[in-house]
Every structure is written in C-alpha cells, then in structure tokens.
Amino acid sequence: MEIFENNFTVTFTNAAAANNAKQIADESFRALRYDFYSKQPSICAAETLTIEDDVTLTFDECCFDSADLMDASRKVIKALAFRLKDEPFEFSVCGCDTYTEAWVDGKFQSGVLEMTATFFPEGYSEHLYCPECGEAVVLMEEYDPKASYVCPECGEEVDLSSAAPVIEKELIRVS
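A. Broad picture of unusual backbone geometry. Located in the positive-phi region is Asp-54, a residue other than glycine, with phi close to 65°. Locating Asp-54 in the fold gives a position in the loop between β2 (50-52) and β3 (56-59). A positive phi angle is found at Ser-110, which is not glycine, with a value near 50°. On the secondary structure map, Ser-110 appears in the loop between β5 (101-109) and β6 (112-120).

This is how it looks when you write it as structure tokens:
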C-alpha cells in the first residue's frame, strides 16, 4: 500500500481574499480528475480545505501522490492568481508518497506569479548515492547535471540523473 502525505498552504493578507480563494480552490480542485485513485483526490482536497488564522487557506490530508499533487496544486495556484489579480499571496505545497517527493512554492504579487516546482523521483535525501555500492557521492544541493561523478568508495563513474531533483521555475504575468 502506498503512503501519501500532502500539505497545501496559501497565505493572503486579508480574510476576504482567503475566503474568496477557498471558493476558487474548491471549484478548481473539483474540476480536476485523476483516474488512478479509488477516491478522487481532488474531491478529497476540496472537501478538506480550511482557513486558519483568517488568512491561510490549507489542507493537510493524504490525497495525492507527489506527481499529481504537484500538477494539481500548480493548476489551482494559477487559478487563484488569475481570479484574484489584486490579492498578493504566498504558497507552499509539499507532498510525498512511498517513493517520491514534490514541493511547489512561490508568491503572487503585482500581477506576477513566481512558482518553483521541485520533484524528487526517488524521494528527498541530503545526498545522491552510488547505485553500485550505496555510498554518498554528492550533496543534493551541490548536484550539477552537467558534471560527472565518481564514487569515493568503489571508484565507479556513476550517473546520478535518475535520482536527481527536477526543478521547474515559472514566471507568469497576470493581466
């Protein structure tokens, strides 16, 4: 059985914006369909949306796998930006499952949506490891996809690309 853990948080500057965002996010999640699951995770997310501290829209439920959470949250965040053009907000989304992990974070202000999505195909770890012997080869933050790596333990030249994070940055102007 796969284990899912999701956290979705969007923080606004006022309660009215957070309340409007809850309605938009509810509609946006309900419009999404992911056929893999026995219960639609998008419906689960919509049903568990809450507002905390008057300005923070959140759900903290086990609804999506990492890849689907990244996809769904990006779509919902874009819907919030396009429909709440005058309301600045910050967001942070984190999801993990048995095998992978994903993060989406950023902000919307002055008509510009900045979003960074990071997907860890083998889950998050501080290091990338040698596929031959399991020894730590390089810190995740120092990984360079253009560099070649040799394991310090077994001396094998290793390809770490399948375990390396995939980072996508988006800058969207909303008019």
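Next, the rest of the story.
B. Quick look at the nonpolar core. With 40 residues, the main nonpolar core has Phe-8, Val-10, Phe-29, Phe-59, Phe-64, Ile-77 and Phe-89 as its most contacted residues. Listed by contribution, the elements that provide at least two residues to this core are β1 (5-12), α1 (15-31), α2 (41-48), β3, α3 (66-83), β4 (89-96), β5 and β6. No other element matches α3, which puts eight residues into this core. If we skip the residues at most four places from it in the chain, Ile-77 touches Phe-8, Val-10, Phe-89, Phe-91, Leu-113 and Met-115. Ranked by size, the runner-up nonpolar core spans 13 residues in total, among them Phe-120, Val-137, Tyr-149 and Leu-160.

C. Structural view of a negative patch on the surface. The grouping of Glu-5, Glu-52, Asp-53, Asp-54, Asp-60 and Glu-61 at the surface amounts to a negative patch. As for its position among the elements, Glu-61 is in the loop between β3 and α3. Glu-61 gets classed as partly exposed once you look at its relative accessible area, which sits at 35%.

How each quantity is defined
- Residues numbered from 1 in each chain as written.
- Predicted model: local features only at pLDDT ≥ 70, side-chain atom pairs only at ≥ 80, totals over all residues.
- Heavy atoms only, no water.
- Helix = DSSP H or I, 4+ residues; strand = E, 2+ residues; numbered from the N terminus.
- Core = buried A, V, L, I, M, F, W, Y, C linked by side-chain atoms within 4.5 Å.
- Buried < 20%, exposed > 50% of the residue type's maximum accessible area, 1.4 Å probe, protein only.
- Contact = heavy atoms within 4.5 Å.
- Patch = residues over 30% accessible without salt bridge, like charges linked within 9 Å, V, L, I, M, F, W, Y side chains within 5 Å.
- Areas by Shrake-Rupley, 256 points an atom, 1.4 Å probe, with all protein chains shown as cover.
- Salt bridge = Lys/Arg side-chain N within 4 Å of Asp/Glu carboxyl O.
- Lys, Arg positive; Asp, Glu negative; His and termini not counted.
- Charge placed at Lys NZ, Arg CZ, Asp CG, Glu CD.

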